[in-house]
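Topology and contacts: notes
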Amino acid sequence: MSGRRNFIKTSMLASAALITPAAYRGNKNQQQGKNTAKGAKPIVVSTWQAGLSANKTAWATLAGGGSALDAVESGVRVTESDAENSSVGLGGLPDCDGKVTLDACIMDHKTRCGAVAFLQHIENPVSVARKVMEDTPHVMLAGEGALQFALEKGFEKTNLLTTSAKKKWQKWLEKSRYQPVINIENHDTIGMLAIDQNGDLSGACTTSGMAYKLHGRVGDSPIIGAGLFVDNEVGGACATGVGEAVIRIAGSAVVVELMRNGHSPEEACKEAVLRIIKKHQNLKNLQVGFLALNKNGEYGGYCIYKGFNFALKTRAEEKLIDAKYEIDK
Ligand code: ASP
């Protein structure tokens, strides 16, 4: 929980002043390097503390010889169905109109991918995304069409707006600022990457997006190449944070391309973060974190502001790791 608290603190401090690229300081004490899991295959990594329990479920599939694809789907479903998590699936904070709208995607080792965006009333959008991938010639379905498709596939309508999320939204309505305030509550998207016993990679990403976003807003999370990208020859990457900034640099695709060109996962994530910093005049409230896993089971993460963490599970290890960061505030 301390990571989450730090994140809130960080974001609030960051909003107190205008932070420009020129003002940021890299933390010189942080060593860039390779992290290799001791029991490298199978392996699963996922964003934020919620990743710990999601990884456990993914691990059950991986340890039993199941596919990385099944693992990541079952893993992130745990977070989607957790009503206490206010950034993903059931219990997610709504948009400015009080509607919970979900974005998710999934990608496997054969470069097959599926996504849903702006989907309402369905608790496990990642599984709808998988159906889009497997049962249609398309990659992404959005809004009403995605809902219709989900219902046709047998998914049930659920009320995703919990009493507690509704109360928070009603409080927010008192001031009703359409610019989303950024804090941990809207930075808990789960992105997950796994390698199975065959050495194949898959990834998934799912979110309710930024709290109180404009109705119809879609972030990076369902966009292949932005919130998630997997290339089985190289590795995979996923993102969390302000989706607009991730989309602008095709974030996860960039991280995978950097790994293809020889960067370690952590270095690749750092380069992508630096690119975002370079492209934005105003870094106020602009938190982004990347997480990457390469084909050899090396993993790493990097973020703009201190506070992003990710969960790791292998045969030998199960832990939460603080990602390195660019701005120590
Ligand atoms: N990336 C997500 C979005 O922009 C938010 C998050 O990671 O918390 O919708």
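Our subject is the structure that appears above.
Since the structure is predicted, the reported quantities are computational estimates derived from the model, not experimental observations.

**A word on the packing of aromatic side chains**
A full pass over the atoms with the stated rule returns 4 aromatic pairs. Measuring from ring centre to ring centre gives 6.1 Å for Tyr299 and Phe310, while their planes differ by 75 degrees; the resulting arrangement is edge-to-face. Of the two residues, Tyr299 sits in strand β11 (residues 298–305) while Phe310 sits in strand β12 (residues 309–313), which places them 11 residues apart along the sequence. A residue is classified by how much of its surface remains accessible, and Phe310, at 1% relative accessible area, is buried. Of the aromatic side chains, those joined through ring pairs into one cluster are Trp48, Tyr299, Phe308 and Phe310. A cation over a ring is seen here: Lys313 above Trp59, with NZ or CZ 4.7 Å from the ring centre.

**Comments concerning the nonpolar core**
Nonpolar side chains in soluble globular proteins tend to be buried together. Of all hydrophobic cores here, the largest spans 55 residues; its most connected members are Leu228, Val255, Ile276, Phe290, Leu293, Tyr299 and Ile304. What Ile276 contacts, discounting residues up to four positions off in sequence, is Ala245, Val246, Ile249, Leu286, Val288, Phe290 and Ile304. Counting residues in hydrophobic clusters, the runner-up holds 31 residues, among them Val72, Leu119, Ala150 and Met192.

**Structural notes on the pairing of strand β4 (residues 113–119)**
Most of β4 is tucked away: 6 of the 7 residues are buried. As defined by bridge partners, strand β3 (residues 102–107) adjoins β4 across 5 bridges and the pair is classed as antiparallel. When the sheet's bridge partners are listed, Ala104 is paired in β4 with Val116. Where β3 folds back on β4, the antiparallel hairpin that results is connected by 5 residues, among which Thr111 adopts a positive phi of roughly 65 degrees. Here 3 bridges tie β4 to strand β5 (residues 140–142), and the two strands are oriented parallel to one another. In the sheet register, Val116 faces β5, and the bridge partner there is Leu141.

Each value, and the rule that gives it
Residues numbered from 1 in each chain as written. Predicted model: local features only at pLDDT ≥ 70, side-chain atom pairs only at ≥ 80, totals over all residues. Heavy atoms only, no water. Phe/Tyr/Trp six-rings, centres within 6.5 Å; stacked < 30°, edge-to-face > 60°. Helix = DSSP H or I, 4+ residues; strand = E, 2+ residues; numbered from the N terminus. Buried < 20%, exposed > 50% of the residue type's maximum accessible area, 1.4 Å probe, protein only. Lys NZ or Arg CZ within 6 Å of the ring centre and 35° of its normal. Core = buried A, V, L, I, M, F, W, Y, C linked by side-chain atoms within 4.5 Å. Contact = heavy atoms within 4.5 Å. Pairing = 2+ DSSP bridges.

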